[in-house]
Amino acid sequence: MKYPKIGIYAGSGTSHSWLWFVDLFEKAGFCDFVFPNEVLVRNNDIKSLDVLVVSGGDTFAVAKSLGEKGGRNIRSFVEQGGIYIGSCAGAYLPMRSSKPPLDLFNFVDVKITNLSKLFPGAEIEICKSCAAYGYDFVFHPVREAVSLKTTCFFDKDRKIRFNAPLYGGPGMKAHDPSWVLAVYEGFTPKTSFFTSRKIAEKTLMGNGAIVRVPFKKGCFYLLGPHLEHPGFKQANRFIIDAVIRETGMAYDYIDLKTDKACFPAKEKLTGKKAKELILSIRRELSNSRIVAGSLEFLPVRWLIGQKVYEPQKIRVYLEAMWKRLKSLEKNKVLILGPGLYDRITHAAGRITIELRRIKQQIDGNRDSLKTAISIFDLLHILSISFFDLYFATLSNGINQ
Amino acid sequence: MEYLSTDKILIIDLNAAEVEEEDLDETLVKEKIGGIGMTTYLYDKYKEEDPIVIGTGLLTGTTYPASASGQITAKSPVTGKVCHCPVIYKLGVEIKYAGFDYIVVKGRSESPVYLWIHDGVADISDAADLWGKDVWEATDELRKFVGDDLLQTMLIGPAGENGSDYAQVCYNHWNSPDRFGFGKLFGSRNLKGFAFRGMGLIEVAEPEDYVERSLEILKEVKENKFLGKKGLAPILTALGEEGVDEWIDPVTHRHSADYFTPYASNTALFLDEDPGLLEESKKEEPGVLVSDLYALLGFKNSGFSAKDAGSALKACAKYGIDPFAVAKLSGKTTLEEITASFDSISGEITIPGRGIFSPWCPAGPVFNDFGLAGEDGTIAWWERRQAVSMIFGIQPMFSLMCPELTEENMLELASLGTDIELTRETLDAVVDTILG
Amino acid sequence: MGIKINALKCTNCMACEMVCSYHRDDGFAFLSACIVAYRARERKDYFGVLLKEDDVLIVARPEGLEINKIGEEADPDKEADASAKPMLLREGCDLCEDMDDYGPMCVAFCPADAIELD
């Protein structure tokens, strides 16, 4: 069986939700992953992928870091038959906008329904959570689990209902109604309201929650809610089915691809060196988890770009690596790309140091924003590198 | 060893500054069960190198009531015998969850070190900055460095560094059941001590049955009337001491329990703060946590007020010296004299029976009579009870109070938890080996 | 129906934390518990219990109960302590709905009867 090659964007501007995609695809049995950052996207190292995932985060920061080149490459990737899956911030990214740098990504004719201009000013004043977007602002009427229903364009014979959490993703109106695969159908007991219920209903109900926009040989999947969230199995299944369906349709295209050499060649690490690397990762992940666990109890949060980061998110990164360490340890041969050894050991060690520093800063009521920025950058670097090591090693084990 | 275990034994060679791991073989568990059954075996295995062996019981850190305890097994520099010191509070549990069932420390380091044990990783770390610091300072500094206030420590203070006979290995900020001068032993190896933190997961073979039986046993335990009491004073009163309540009440703050232990046997005394205060004290050091019945009694009998006794206990905890030995052997009656005498404490303290279990625990039953009669029988019962408690990891003071924690149900839970059939014959054989 | 905690009865033994985590992990651990024996102020003998429900954090302190809405801004003037809004990533209390024989595990196992079903 041929697995699609999936790129999960893990560059600047993403939040931890890309880790949920890693869990989701790994559990479904996919094993061919890369984790491109903005540099790799700008260098067009995504052209060998079958699927490119852009998860949640800060849309402006993602757009800014990808820049014009990144935008051009994503467009070309989809035109050539690639499948783009954008969740939350990743869904906003290819929609039309007049505001730079989002205007570099005007790919699909899908409109946002949670825009302030659609509502009388007086009603929208009660909105607690919003962000500037062009001449208007995007507001988030609700958070947490909402209920979705598929349309006849997904399956004309039956409708499927499932829940998924909304953390700032869009409601959508598509130029062509047949693009809408699922709409927002209702709220759940867990839904928290940030506007009046009336506005929330007007903004979301009946509007697109999952939109598939055909784009030459490929397509864009835009997901308003986080269907990849680990607590929502049916929503997870929707993504997996979509990938299987789309890549199945594109198998001819996949088989024709020969350009698999975009990502650098890997080398093998065995014996004492391999053991040392694993021990070093274990040591630093443990040191970091211990501080991160104690940060859970501190009343602090950081505004980085346009997103609020809580200390708890640090643990999401660390746990994503920690829970895979045992599987990695079972492999006698580790597969590493050039420079990965140093990158992992350096980033892992730095994270421990920075986490201990931030704990002391918070305890001493000192400003900790700069350290937090550095920690989240390092966590990105480490987790990308770790997953490169992990999936390359596991694939090697499977193939032997 | 898959269940109720981390499956790992850690061997640390201080001479070579090297650490090594061994798997915990299931056949060894079938023979030695765990706790001091295993630490005694490991001590004998590395006898030539006079090791310090740290361990936890087979049930430690589970839902079995009072499964709180760990152990230090080593040769006492005071008595020359291989002795077993209980590890109490929440420290025993932390050792297991930090990733090792047993830790063997061999040799002597060239310079001061501490051992940082976390999530299955063991680091021999430089203790130059900690050497010379008292137990409180060193614990606070390690917690600050590691960035976690829940870090659990097992450290020596100046008494251990100076080679005092009654130097004690302390747990976090507090005194411990160490009556064997293990603090001196640590000091002689240039070992400031251990820091433990773990966020592991312990698998159990039959989890539903294990938890169900644990709850049934807990319900039986809770029928016992002594559980309406709390703290050290009721224990001393039950042992026949008079006037303890009146003496200690004016400085008593709250009572706390060791991990999952139904009786709260640790009493906090507020010395520099209103003992009735419910809010968090704004003072950095409002008092001291006391777990040592006989040290407290020793100061009381020397004519100390409870507040001065608390101050003396706090000074002992900081200096890392056995407060019972200080109360009994110093012959001093004021706080100033006591603290000035720390480095010159000498003499003998009586350890009942074979002298291998800490007299920190009363040498007989507490609150319940366990159907015992006659002193000879009592000491034999006490030694077996201590041995069994420290094989399974049961808080050894609580096991003297609670007849509902039987050898049968300990064996039953150990079998349910491990999927290994453990019999009374095996337990008898292990106890016989320990008692020599 | 919910969990009621009497912090003055609590002896800080961590039984609640262990059995809560067991209910989620099917093994013995502490990391996934939605109820936590607060013990970071050991030297001050200050302890209580934190309970995370779906959208609130209940802080059972010796001096009284405090209920914090999760997601509200933390008070920057307040010292970091049990009133913080921790444990956002842990699942909220579900009253051990899948443990038919026990009800909430923390209630069943609390040796000091400090936790009750309200």
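Above this text is the structure in question.
Residues numbered from 1 in each chain as written. Chains lettered and ligands numbered in written order. Predicted model: local features only at pLDDT ≥ 70, side-chain atom pairs only at ≥ 80, totals over all residues.

**Quick word on the overall build of chain C**
Secondary structure summary: chain C contains two helices and six strands in total. Along chain C, helices (α) and strands (β) appear in the sequence β-α-β-β-β-β-α-β when read from the amino end. By residue count, 51% of the 118 residues in chain C fall in the buried class. Pairs at least 24 residues apart make up 51% of the contacts formed inside chain C by residues separated by at least 6 positions. (Helix = DSSP H or I, 4+ residues; strand = E, 2+ residues; numbered from the N terminus. Buried ≥ 20, exposed ≤ 12 C-beta atoms within 10 Å, placed from the backbone. Contact = placed C-beta atoms within 7 Å.)

**Considerations on the overall build of chain B**
Assigned secondary structure in chain B consists of 16 helices and 14 strands. A compact globule built from 436 residues should have a C-alpha radius of gyration of about 22 Å, and chain B, at 20 Å, falls within 12% of that. With the C-alpha coordinates aligned to their principal axes, the bounding extent of chain B is approximately 55 × 55 × 45 Å. By the burial criterion, 58% of the 436 residues in chain B qualify as buried. (Rg over C-alpha atoms; globule rule 2.2 N^0.38 Å.)

**A look at the nonpolar core**
Within the largest apolar cluster, 310 residues are counted, with the highest numbers of intra-cluster contacts made by A:Ile8, A:Leu52, A:Val211, C:Cys16, C:Ile35, C:Val49 and C:Cys106. The element best represented in this core is helix H12 (residues 369-399) of chain A, accounting for 13 residues. Both domains that furnish three or more residues to this core are identified here as domain 1 (6-256) and domain 2 (267-399) of chain A. With residues near it in sequence (within four places) discarded, A:Ile8 still touches A:Trp18, A:Phe21, A:Val22, A:Phe33, A:Phe35 and A:Val53. (Core = buried A, V, L, I, M, F, W, Y, C linked by C-beta atoms within 7 Å. Domains from an automatic or database assignment.)

**Some details on the interface of chain C and chain B**
Facing 29 residues of chain C, the contacting portion of chain B comprises 38 residues. Of all the secondary-structure elements, those providing two or more residues to the side of chain C that touches chain B are helix H1 (15-25), strand S2 (35-41), strand S3 (46-52) and helix H2 (105-109) of chain C. Here the residues of the side of chain C that touches chain B sort into 16 nonpolar, three polar and ten charged. (Nonpolar A, V, L, I, M, F, W, Y, C, P; charged D, E, K, R; others polar.)

**Describing unusual backbone geometry**
Residues and elements named next belong to chain A. For the bond running from Pro100 to Pro101, omega is 0°, close enough to zero to count as cis. Here Pro101 lies in the loop between helix H4 (89-92) and strand S5 (110-112). You will see that Asn365, though not glycine, has its phi angle at about 55°, which is positive. Along the polypeptide, Asn365 turns up in the loop between helix H11 (340-363) and H12. Overall, Asn365 belongs to the exposed group, with 11 C-beta atoms counted inside 10 Å.

**Some remarks on the interface of chain A and chain B**
Taken together, the contact between chain A and chain B spans 13 residues of the former and 13 residues of the latter. Secondary-structure elements contributing two or more residues to the side of chain A that touches chain B are helix H9 (271-295) and H11 of chain A. Sorting elements by how many residues they give to the side of chain A that touches chain B places H9(A) first, with ten residues.

**Regarding the sheet that holds strand S4 (residues 56-61) of chain C**
All names here are of chain C. Taken in spatial order, the four strands line up as S2-S3-S4-S5 in an open sheet, and their pairing is antiparallel. In this open sheet, the two strands that pair with only one neighbour each are S2 and strand S5 (64-69). Geometrically, the sheet is characterised by an average inter-axis angle of 25° between neighbouring strands, direction not taken into account. Alignment of S3 against S4, held across four bridges, turns out to be antiparallel. Residue pairing for S4: Leu50 is matched across the bridge by Val59. In the packing of H1 onto the sheet, contacts are made with S2 and S3, and the angle to S2 comes to roughly 140°. (Pairing = 2+ DSSP bridges. Axes fitted to C-alpha atoms, helices over the stretch in contact; angles between N-to-C directions.)

**Description of the pairing of strand S8 (residues 142-150) of chain A**
A regular strand places its side chains so that they alternate between the two faces of the sheet. Residues and elements named next belong to chain A. Of the pairings in the sheet, the one linking S8 to strand S12 (residues 192-193) comprises two bridges and is antiparallel in character. Bridge pairing in S12 places Val142 opposite Phe193. Of the strand pairs in this sheet, S8 and strand S9 (residues 161-166) are connected by six bridges, and their pairing is antiparallel. Across the sheet, residue Lys149 finds its bridge partner in S9, namely Arg161. Where S8 lies against strand S11 (residues 180-187), five bridges are found, and the strand directions are antiparallel.

**Some points on the sheet that holds strand S5 (residues 82-87) of chain B**
Strands pair in a sheet through their backbones, by hydrogen bonds, and they do so in one of two ways: parallel or antiparallel. Residue and element names in this part refer to chain B. Strand order in the open sheet made by the six strands is S2-S1-S6-S3-S4-S5, with mixed pairing throughout. A single partner strand is all that each edge strand has here, and the edge strands are strand S2 (18-23) and S5. Ignoring which end each strand starts from, the neighbouring axes of this sheet average 15° apart. Bridge analysis of strand S3 (residues 52-56) against strand S6 (residues 102-106) gives four bridges, and the strand direction is antiparallel. Bridge pairing in S6 places Ile54 opposite Ile103. Where helix H2 (residues 36-45) meets the sheet, it contacts S3, strand S4 (70-75), S5 and S6, and its direction lies at approximately 30° from that of S4.

The quantities given are spatial measurements derived from coordinates; they are silent on function.
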